[in-house]
Amino acid sequence: MEPIYLDHAATTPMHPAVIEKMSETMKEIYGNPSSIHQFGRRARAILDENRRYIAGTIGADEKELYFTSGGTEADNLALIGVALANQKKGKHIITTKIEHHANLHAAEHLESLGFELTYLPVSEAGYVTPADVEKHLRDETILVSIMMINNEVGAIQPIKEIAELLKDHQAYLHTDAVQAYGLIKINVKALGIDLMSASAHKLNGPKGVGFLYAGQEIKFNALQHGGNQERLKRPGTESLPGIVGMRTAIQQIEADNYKNFNQYKSYRDLFYQELKQSDIDFTVNGVFDELAPTILNLSFANTKVEPMLMSLDLEGIAVSSGSACTAGSIEPSHVLTAMYGADHPRTSNSIRFSFGSTNNEKQVIDAASRVIKVVKRLAGK
Ligand SMILES: Cc1ncc(COP(=O)(O)O)c(C=O)c1O
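Residues numbered from 1 in each chain as written. Predicted model: local features only at pLDDT ≥ 70, side-chain atom pairs only at ≥ 80, totals over all residues. Heavy atoms only, no water.

Under an unreviewed UniProt entry, the name given to the protein is cysteine desulfurase, and the organism recorded is Amphibacillus indicireducens. A UniProt comment under Cofactor (unreviewed entry) is attached to the protein, and it reads "pyridoxal 5'-phosphate". UniProt's Sequence similarities (unreviewed entry) comment on the protein is quoted here verbatim: "Belongs to the class-V pyridoxal-phosphate-dependent aminotransferase family. NifS/IscS subfamily." (UniProt positions renumbered as here; feature names shortened; annotations may be inferred.)

See below:
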């Protein structure tokens, strides 16, 4: 039985061009970009060129890009870095209940340092409203952090509208675009974003590398202390192969004009239609027509996450749920809890299917039939 990977929102395999470029860099470019000799200068030139290219993909200047070890570090640098640098202007920060833990746990850490956090609710469809942001905004709010695409249900947040209402306010706008960068074309200036996090491994790049975009006027502190790299905001010898890999990954997408969006959407739609034509009971968490095309979070009546994940795994289907497995017990997803309320059946019977580069139509149809079989068995049909 062919294993089928429907967990691209968790991570993606590297594009062959990425592997090739990275191997080449690992073999040939081993100088430290901070060294002044020719080996260092060569590495520096490649680093600078990659920074310029990646910054250009989001309409930013190269001086506005800080390479990090991934999305988690970029989120931490944005939240904690901004909070520490701007606390004289206020100690209030707004975020949402549906952020990734990279954001939520950084926010909790800030609470322990005496910052006041507001966690915005979301509608049943999974959206934050600009009106809610406005309602909770205070004179002393220094940061609003709202993700672009939610990683569990795929809800796309109204970032442009939120940026608009923050225009004349001191608060910076940060967005975690880890699920969006490489899927939709982003222009940080046109959207009015002050800080943005991205991660290479969600777009067929390598794991352990990402970036934080921060506009030139944005004040934030470094969280590590060391050398002068990344304009003193993120010390440590740069992972040149990783950065080259990230650049190669986004370069493939740019060259293809973001056609991956439509391709992944066609897989998701096909999967959905196959399920619809069967007689299993399911509902979409979120509003189907408005979701990011990579993610489909489905609630299956009369099933439970744990046996479902195990049975799907036995059938060769790799998927996820937002539920965290802590010490052997399953904790309901914080995102579905925010959307539907604690103890709602959807929080414990939902599965995330996420589509991407490893899929093809035949495989998606095959996956749907295996899912239907498992659901029928577990729901006692
Ligand atoms: C929305 C979101 N933010 C942040 C992260 C963390 O990124 P990384 O794995 O690169 O640290 C993820 C990864 O799952 C994510 O989906």
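Caption draft 1: Broad picture of unusual backbone geometry. One non-glycine residue, Arg231, lies in the positive phi region at around 45°. One can find Arg231 in the loop between β8 (210-214) and α8 (240-255). For Arg231, a relative accessible area of 33% corresponds to the partly exposed category. The backbone phi angle of Asn302 is positive, close to 60°, even though this residue is not glycine. (Helix = DSSP H or I, 4+ residues; strand = E, 2+ residues; numbered from the N terminus. Buried < 20%, exposed > 50% of the residue type's maximum accessible area, 1.4 Å probe, protein only.)

Caption draft 2: The arrangement of the site of the ligand in detail. Inspection of the region around the ligand gives 13 residues, with Gly71, Thr72, Asp176, Ser199 and Lys202 positioned closest. At 2.8 Å, a backbone N or O of Gly71 approaches an oxygen atom of the ligand. At 2.6 Å, a side-chain N or O of Thr72 approaches an oxygen atom of the ligand. Summarising the interface, the protein chains cover 86% of the accessible area of the ligand, which totals 390 Å² for the free molecule. (Near = heavy atom within 4 Å. Polar contact = N/O pair within 3.5 Å; in protein donor to acceptor, adjacent residues only side chain to side chain. Areas by Shrake-Rupley, 256 points an atom, 1.4 Å probe, with all protein chains shown as cover.)

Caption draft 3: Representation of helix α6 (residues 159-166). Along α6, the positions that sit buried rather than exposed are Ile159, Ile162, Ala163 and Leu166. Projected down its long axis, α6 shows its buried positions confined to an angular sector of 100°, all on one face. Where α6 is buried, its residues meet α5 (130-136), β5 (141-145), β6 (172-176) and α7 (188-191). (Arc of directions from axis to C-beta. Contact = heavy atoms within 4.5 Å.)

Caption draft 4: Highlighting the pairing of strand β4 (residues 116-120). Note that strand β3 (residues 92-96) and β4 share five bridges and pair parallel. If you follow Thr95 over to β4, its bridge partner there is Tyr119. Once you follow β3 into helix α4 (residues 101-112) and on to β4, the crossover reads as right-handed. (Pairing = 2+ DSSP bridges. Right-handed = clockwise from strand over helix to strand, strands pointing away.)

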